[in-house]
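These are the residues of each chain, in order.
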Amino acid sequence: MDRKLSCLQYLVSYVESSTLKTKGLESITRLRKMETFEGRFNGLVDFNAYCKSSQAQGLSSCLLVMAAIEAKFDFKPHQHIYLLLFSTSNGIRKLTVMVYSDSCRAFKLLLLLCSLSMAAFVGAVKLFICLVLWLNTLSSLQGAREFYEFRYPFIRKASSFSSASSFSSSNSDEVSYDYIIVGGGTAGCPLAATLSRNFSVLVLERGGVPFSNANVSFLSNFHIALADTSPTSASQPFVSTDGVINTRARVLGGGTCINAGFYTRANSDFIKRVGWDARLVNESYPWVEKQIVHQPKLAQWQDAFKDGLLDVGVSPYNGFTYDHIYGTKVGGTIFDRFGRRHTAAELLASANPKMLTVLIYATVQKVLFDKTGTIPKAIGVMFKDENGNQHQAFLTNNRRSEVILSCGAMGTPQLLMLSGVGPKAELERLNISMVLHNEFVGKGMADNPMNSLFVPMTHPVEQSLIQTVGITKMGVYIEASSGFGQAQNSIRCHHGMLSAEIGQLSTLPPKQRTKEAIEAFIKSKNDLPHEAFKGGFILEKIAMPLSTGHLNLINTNVDDNPSVTFNYFSHPRDLQRCVKGIRMAAKVIQSDKFMNFAKCDKPTMEKLLNMSVKANVNLIPKHINDTKSLQQFCKDTVITIWHYHGGCHVGKVVNHDHKVLGTRRLRIVDGSTFSESPGTNPQGTVLMMGRYMGIKILRRRLGKAAHV
């Protein structure tokens, strides 16, 4: 750092840099780690405007590290604000670095800083940040809990549920709500936030909160979250009968907590096909984007990939945009510039806290129906808490009150069948009392098949997830990621999601779980060239696959994954598109622009395929001609990018308002209703869908009085 900088300028420079070097030693106190402690980090900001914002409403205390000496501040009576003021020399009147902190700790740190001379201030700032990070390390879980309890006071553990407390009820002994949302995920959170503006809402989420989970919060830990197969993990793995390893979310915020973060809108044709109001769609997307979506800082790998796409004709270049446009573009991301993830759970900050209750570790076992009439009517749900105790929650007697399922493409058809709605033979096989026969529940399951090509590098590369995408006219998307194999805590250390040590192989049938098979897998991972872990991937994904499968119950335990088959490449057109996509991905790698970045000899197609076959992680047997036949390569190396959908299609399980056919007061709002995955990534549209459906429900029920 330049010693001539003023104190204020020094801190501005620190905020804008990712690391700080002092006397040849590199500090690893990255600012994104600081965000874990305080929940929100701001550089240049008007403090008074911030105090009036929704983000600051739950602020109980903070430390104002630096400001102009003449600055005046507003704050609420319940807030404790500790000020450390210094004169400035560069004309910036207000700079605040705020740390939400325990009052006692903040005061002690303030005394420490105030006791130092101005000459020692630069060192004091570094010392202060180190102390904050140290305190955070000691009490990260407690600090995170305090943070979300202030900002989200309506989030509680399921065991706190009491049948004596209610919003409104015809029976004083039981809880009743206007809406019960099962699943606080990508669609469930924005849906709950919207409905709670006018009605009482109960959200039941089977997982915990994302705020205290470092594997969820930071981009650098993306792969670790997926490899964590512990019972409390945010990620619940499963293996399709096709042999492809997959995962489903188990956390408040759903898939936005474990995905690659890419954000894009659906194309206009998709909106027309599903029959949505285009005007309301275009109002709902920005509601999400303003709260949790960011423009990415393009990584070098992604920039080189962009140039490679343009070099091979995936044009024009459309720059940064949320829109789905043919050519090459940079999309949005839910990771901010510090690498911190912003999930659907943060959208709950827009809710009416007096009308919303969110129960975590609340596993819904079935929907309860009143079958006395000609049409079964949903009246509530049965769920268990984190201790295994049973509870029931009920809807109000209003005919417009609803149970809304937002459990995702795996969870929603599973829960419908466990509740007695599904194919008669399937229900009878497991002795489930039938409420309604519907042969289409669990049918039409689809997953966009993805195949990847390894690109080895001779030097480490920056970690990056999907930022750039090539949208081709041949029905494939080309994407890229880099740097997730080279860290000491990478997947290689524990052999990935298939690791015998962490129990993932226990999901396989015993005949396939032989000691020899496990040892062979571990050896194959150890035999991979070290260079492969220093590179990245070029990915190709099939848009709108024609191959579909089905979902079936294995047992009646809602905690267990159902059996799912996607039938990848069973339709010949999907296989044809995969071959074209692999050829396109190889051309990108071999392009002059990408080779200039890679600084290595141009690899042959056979070399690329050979490395990719060895590194591929699935349970599909490999063939000796994988590097000779692109068709066989596609079949043998297929993996997922977690965009599976279907199982409760519109017109077969739900109507166009997403109400379950043949029932009353039961609706589905999630990707299980999709017959195709929207855009290059569905998360933006599923987030929007929650807001969109919430507004539709409110307007239909209240008209202009809804004020949305």
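Residues numbered from 1 in each chain as written. Predicted model: local features only at pLDDT ≥ 70, side-chain atom pairs only at ≥ 80, totals over all residues. Heavy atoms only, no water.

- Within an unreviewed UniProt entry, the label attached to the chain reads Protein HOTHEAD, and the organism entered is Hibiscus syriacus.
- Recorded in UniProt for the chain, the comment headed Cofactor (unreviewed entry) runs: "FAD". (UniProt positions renumbered as here; feature names shortened; annotations may be inferred.)

1. Digging into the overall build of the chain
Here is step 1: Each helix and strand counted, the chain has 19 helices and 31 strands in total.
Here is step 2: Residues counted as buried form 57% of the 708 residues belonging to the chain. (Helix = DSSP H or I, 4+ residues; strand = E, 2+ residues; numbered from the N terminus. Buried < 20%, exposed > 50% of the residue type's maximum accessible area, 1.4 Å probe, protein only.)

2. So, the pattern of salt bridges
Here is step 1: On inspection of all chains with the given rule, the structure shows twelve salt bridges.
Here is step 2: Salt-bridge contacts for aspartate 303 lead to lysine 306; the nearest nitrogen and oxygen are separated by 2.9 Å. Of this pair, aspartate 303 and lysine 306 both sit in helix α11 (residues 300-311), three residues apart, which is roughly one turn of the helix.
Here is step 3: Looking at aspartate 303, the relative accessible area reads 29%, which means it is partly exposed. (Salt bridge = Lys/Arg side-chain N within 4 Å of Asp/Glu carboxyl O.)

3. A few points about the sheet that holds strand β29 (residues 563-565)
Here is step 1: Taken in spatial order, the three strands make up an open sheet running β23-β28-β29, and their pairing is antiparallel. Bordering the open sheet on either side are β23 (443-445) and β29, each of which pairs with just one other strand. Taken over all neighbouring pairs, the strand axes of this sheet differ in orientation by 35 degrees on average, direction set aside.
Here is step 2: Bridge count between strand β28 (residues 549-552) and β29: three bridges; the pairing is antiparallel. Across the sheet, residue asparagine 552 finds its bridge partner in β29, namely serine 563.
Here is step 3: Along the sheet face, helix α12 (residues 408-418) touches β23, β28 and β29 and points at about 50 degrees away from the line of β28. (Pairing = 2+ DSSP bridges. Axes fitted to C-alpha atoms, helices over the stretch in contact; angles between N-to-C directions. Contact = heavy atoms within 4.5 Å.)

4. What about the side chain of threonine 680?
Here is step 1: Structurally, threonine 680 is set in the loop between β31 (666-668) and α19 (683-702).
Here is step 2: For threonine 680, the contacting residues outside a window of four places in its chain are Phe262, Thr264, His324, Val469, Ile471, Tyr477, Glu479, Lys541 and His643.

5. Overview of the packing of helix α6 (residues 188-195) against α19
Here is step 1: It is the contact of α6 with α19, at a shortest axis distance of 7 Å, that shows an interaxial angle of 30 degrees. For the element pair α6 / α19, the angle class is roughly parallel. In this structure, α6 meets α19 at a crossing whose hand is right-handed. On the side of α6, the interface is formed by Pro190, Leu191, Thr194 and Leu195, while α19 contributes Leu687, Gly690, Arg691, Met693, Gly694, Ile695, Ile697 and Leu698.
Here is step 2: Split by residue class, the contact of α6 with α19 holds eight nonpolar, three polar and one charged. (Parallel < 35°, antiparallel > 145°, perpendicular 65-115°, else oblique. Left-handed = near helix turned anticlockwise from the far one by under 90°. Nonpolar A, V, L, I, M, F, W, Y, C, P; charged D, E, K, R; others polar.)

6. Concerning the pairing of strand β10 (residues 235-239)
Working note: regular strand, side chains alternate between the two faces of the sheet.
Here is step 1: Burial of β10 is extensive: four of the five residues sit out of reach of the surface.
Here is step 2: Both β10 and strand β11 (residues 245-249) contribute to a ladder of five bridges, which runs antiparallel. Opposite phenylalanine 238, over in β11, you have asparagine 246 as the bridge partner.
Here is step 3: Turn length for the β10-β11 hairpin, with the two strands adjacent in sequence and antiparallel, is five residues, and the turn residue glycine 243 shows positive phi of about 95 degrees.

7. Notes on the environment of glycine 331
Here is step 1: Residue placement: glycine 331 occurs in the loop between β14 (327-330) and β15 (332-333).
Here is step 2: Placed 135 residues apart in sequence, glycine 331 and isoleucine 466 show a C-alpha to C-alpha distance of 8.4 Å.
Here is step 3: When sequence neighbours within four positions are dropped, the list of residues in contact with glycine 331 reads Phe262, Tyr263, Pro296, Phe320, Thr321 and Gln467.

8. Structural notes on the packing of helix α10 (residues 278-292) against α19
Here is step 1: Put simply, α10 and α19 touch, their axes get as near as 8 Å, and they point 120 degrees apart. Our classification of the angle between α10 and α19 gives oblique. The chirality of how α10 crosses α19 is right-handed. Contacts between α10 and α19 involve Leu280, Val281, Glu283, Ser284, Tyr285, Trp287, Val288 and Ile292 from the first element and Gly684, Thr685, Leu687, Met688, Arg691, Tyr692, Ile695, Lys696 and Arg699 from the second.
Here is step 2: Looking at the contact of α10 with α19, its residues break down into ten nonpolar, three polar and four charged.

9. Thoughts on α6
Here is step 1: The element α6 is extensively covered by neighbouring structure, given that eight of its eight residues are classed as buried.
Here is step 2: Of the residues making up α6, those classed as buried are Gly188, Cys189, Pro190, Leu191, Ala192, Ala193, Thr194 and Leu195.
Here is step 3: At its buried positions, α6 is contacted by β8 (179-182), β9 (201-205), α10, β16 (356-360), β20 (402-405) and α19.

10. Some remarks on the UniProt feature "domain: Glucose-methanol-choline oxidoreductase N-terminal" (unreviewed entry) in the chain
Here is step 1: According to UniProt, the positions carrying the feature "domain: Glucose-methanol-choline oxidoreductase N-terminal" (unreviewed entry) are residues 408-422.
Here is step 2: Annotated as residues 408-422, this span is 73% helix and 13% strand, and its ends, taken at the C-alpha atoms, are 16 Å apart.

11. A few points about helix α15 (residues 572-590)
Here is step 1: Compared with the 27 Å implied by 1.5 Å per residue over 19 residues, the 28 Å span of α15 between its first and last C-alpha is a close match.
Here is step 2: Those residues of α15 lying buried are Asp574, Leu575, Arg577, Cys578, Val579, Gly581, Ile582, Met584, Ala585, Ala586, Val588 and Ile589. (Expected span 1.5 Å × (residues − 1).)

12. Looking at the state of the cysteines
Here is step 1: Summed over all chains, the structure comprises one disulfide.
Here is step 2: Here cysteine 578 is linked by a disulfide to cysteine 634, with a sulfur-sulfur distance of 2.1 Å. Disulfide cysteine 578-cysteine 634: torsion about the S-S bond near -100 degrees, hence left-handed. Placement of the pair is cysteine 578 in helix α15 and cysteine 634 in helix α18 (residues 630-636), with a sequence separation of 56 residues.
Here is step 3: Here cysteine 578 falls in the buried class, since its relative accessible area comes to 0%.
Here is step 4: By relative accessible area, which is 0% here, cysteine 634 ends up buried.
Here is step 5: Free cysteine cysteine 257: the closest other cysteine sulfur is in cysteine 189, separated by 7.9 Å.
Here is step 6: Taking relative accessible area as the criterion, cysteine 257 reaches 1% and is therefore assigned buried.
Here is step 7: A disulfide-free cysteine, cysteine 648 has its sulfur positioned 9.4 Å from the sulfur of cysteine 407, the nearest such atom. (Disulfide = S-S within 2.5 Å.)

13. Considerations on the packing of aromatic side chains
The geometry of an aromatic ring pair comes down to the distance between the two centres and the angle between the two planes.
Here is step 1: Evaluation of the coordinates by the stated rule reveals 18 aromatic pairs.
Here is step 2: An angle of 90 degrees between the planes, with centres 5.6 Å apart, marks the rings of phenylalanine 270 and phenylalanine 674 as edge-to-face. Within this pair, whereas phenylalanine 270 is found in helix α9 (residues 268-274), its partner phenylalanine 674 is found in the loop between β31 and α19, the two being separated by 404 residues in sequence.
Here is step 3: Across the ring face of tyrosine 326, the terminal group of lysine 473 is positioned such that the distance to the ring centre comes to 5.5 Å.
Here is step 4: The ring of phenylalanine 199 has arginine 701 sitting right over it, with the charged end atom 4.0 Å from the ring centre. (Phe/Tyr/Trp six-rings, centres within 6.5 Å; stacked < 30°, edge-to-face > 60°. Lys NZ or Arg CZ within 6 Å of the ring centre and 35° of its normal.)

14. What about the side chain of aspartate 242?
Here is step 1: When you line up the elements, aspartate 242 lands in the loop between β10 and β11.
Here is step 2: No salt bridge forms around the buried aspartate 242; measuring N to O, its nearest opposite-charge neighbour lysine 635 is 12 Å away.
Here is step 3: For aspartate 242, the side chain forms a polar contact with the side chain of serine 240, separated by 3.0 Å.
Here is step 4: One polar contact links the side chain of aspartate 242 to the main-chain amide nitrogen of phenylalanine 566, over a distance of 2.9 Å.
Here is step 5: If sequence neighbours within four positions are ignored, aspartate 242 has contacts with Val564, Thr565, Phe566, Asn567, Tyr568 and Ile620. (Lys, Arg positive; Asp, Glu negative; His and termini not counted. Polar contact = N/O pair within 3.5 Å; in protein donor to acceptor, adjacent residues only side chain to side chain.)

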